[in-house]
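Structural characterization, general
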Amino acid sequence: MLILGIETSCDETAAAIVKDGREILSNVIYTQIPLHMPFGGVVPELASRNHVEKIVPVVEAAFHQAGVKKEQIDAVAVTCGPGLVGPLIVGVSFAKALSYGLGVPLIGVHHLDGHIAANYLSFRDLEPPFLALILSGGHSHFYNVRAFGDYELLGATRDDALGEAFDKVARTLDLPYPGGPHVEKLALEGEPLIELPMTLLEEDSLDFSFSGIKSAVKMVSEKIDMNTQRAHLASSFQETVFAIVTEKIRRALAKTGENRIVIAGGVAANQRLRELLKEIPAEVLYPPLSICTDNGAMIAAAGYYSWKQGKCSPLSLNARANLPLSSTKDMWINY
Ligand code: KG4
Ligand code: ZN
């Protein structure tokens, strides 16, 4: 079973060919980061136009690198939400056209379903149940993955996502966009000497709140000598937010009795987080760095498990900026 996966929900135009939901034959990612860098964040209209320009060459490259012809694929999977609606429409429209032209099923995929499925590509034997924590630019969500495609939301951020907090703190620290990797690098040069608020919310809560610490970093930055203390501030921010994340993981494991958790999304690329999570008394899995951030392979992998359950999408599939993971059922028809 060969699936073409397409991802255009934000600032990456990505396409991949995946075999049987587990084996990556190609994974092509064109990143628009340099395009948006001067603006300090993604400019949706620029992103949409750039996706239009790049979608054809990126998909062509995915076929070429996999050594697969278009007629050989069995389905087209595409991110249909959540994300920036203009960029999503580019991928969804392209996927619909290709699915119609080739006469193969179309599979709408939830972006977070994709991030979780990235783990199926790295751990060939991984099967639900397990816990999943998604830490990306738009999400900080805990799920209980009860079966393939069956998610129970356990907790989520009440304000900023963790990646978003990294990006905003990076701006305060005068670092380029996207901020996560730059904050991580700068933190290596400092020590966590500055006390910042560690917001854990109610005792049994699995929700997050990162806006307080983000604002605190801004306030502190206006008071300290940024020439000498910048790296300490980066380190203090990173250590505090990761202390929050590790505490929440402990709570989630205790609450559910699970002993396995997968970490997904762009922030999972952070090496310091990975180091800290070694102390968690459970099996902690992450995809390799290359498939932590947005890519088409994870969309193809998630699409495979939808397809296996007979869940494909009608050609009326639409892009949706907001799409809760539990509400994807209405985008499927049964084949
Ligand atoms: O999953 P992703 O590629 O896109 C979304 O779906 O949002 O995540 C991007 C986010 C950005 O906010 C970026 O700053 C953050 O992940 N990120 C990191 C690291 N690499 C990417 N955050 C912390 N440390 C990193 N090494
Ligand atoms: Zn993502």
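Nothing here was measured: the structure is a model prediction, and the numbers come from that model. (Residues numbered from 1 in each chain as written. Chains lettered and ligands numbered in written order. Predicted model: local features only at pLDDT ≥ 70, side-chain atom pairs only at ≥ 80, totals over all residues. Heavy atoms only, no water.)

**Looking at the pairing of strand E1 (residues 2–7)**
By the criterion of burial, E1 is predominantly enclosed, with six of the six residues buried. Where E1 meets strand E2 (residues 12–19), six bridges bridge the pair, whose relative direction is antiparallel. Considered in E2, the bridge of leucine 2 is made with lysine 19. What sits between E1 and E2 in their antiparallel hairpin is a turn of four residues. Here E1 runs beside strand E4 (residues 75–81); their pairing, made up of four bridges, is parallel. Looking across to E4, one finds that isoleucine 6 is bridged to valine 78. (Buried < 20%, exposed > 50% of the residue type's maximum accessible area, 1.4 Å probe, protein only. Helix = DSSP H or I, 4+ residues; strand = E, 2+ residues; numbered from the N terminus. Pairing = 2+ DSSP bridges.)

**Quick look at the pattern of salt bridges**
The full count for this structure, using the stated rule, is 14 salt bridges. Across the salt bridge formed by aspartate 207 and arginine 158, the nearest N and O atoms sit 2.9 Å from each other. Of this pair, aspartate 207 sits in the loop between helix H6 (179–187) and helix H7 (211–223) while arginine 158 sits in the loop between strand E8 (150–156) and helix H5 (162–172); the two residues are 49 residues apart in sequence, bridging distant segments of the chain. Residue class for arginine 158 comes out partly exposed when judged on its relative accessible area of 45%. Between lysine 168 and aspartate 160 there is a salt bridge, and its shortest N-O distance comes to 3.8 Å. (Salt bridge = Lys/Arg side-chain N within 4 Å of Asp/Glu carboxyl O.)

**Observations regarding the coordination of the zinc ion (ligand 2)**
The protein atoms that coordinate the zinc ion (ligand 2) are His111 (NE2), His115 (NE2) and Asp294 (OD), at distances of 2.0 to 2.1 Å. Donor residues for the zinc ion (ligand 2) sit on one chain with the sequence pattern H-x3-H-x178-D. Pair noted here: histidine 115 is in helix H4 (residues 111–122) and aspartate 294 is in the loop between strand E10 (283–285) and helix H10 (296–308), with a separation of 179 residues, a long-range link. For the pair histidine 115 and aspartate 294, a shared accessibility class is recorded, and that class is buried. (Donors = N, O, S within 2.8 Å, 3.2 Å for Na, K, Ca; no water.)

**Quick look at the domain arrangement of the protein**
Partitioning the protein into structural domains gives domain 1 (2–116 + 292–334) and domain 2 (127–289). Its C-alpha centre places domain 1 at a distance of 26 Å from the equivalent point of domain 2. Across the boundary between the two partners, domain 1 contributes 17 residues, which contact 22 residues of domain 2. For domain 1, the biggest contributors to the area lost against domain 2 are Leu112, Ile116 and Cys292; these three give 36% of the whole. Put simply, domain 1 and domain 2 have zero salt bridges between them. Joining domain 1 to domain 2, the criterion identifies five residue pairs in polar contact (both at pLDDT 80 or more). (Domains from an automatic or database assignment. Contact = heavy atoms within 4.5 Å. Buried area = accessible area lost by both parts, 1.4 Å probe. Polar contact = N/O pair within 3.5 Å; in protein donor to acceptor, adjacent residues only side chain to side chain.)

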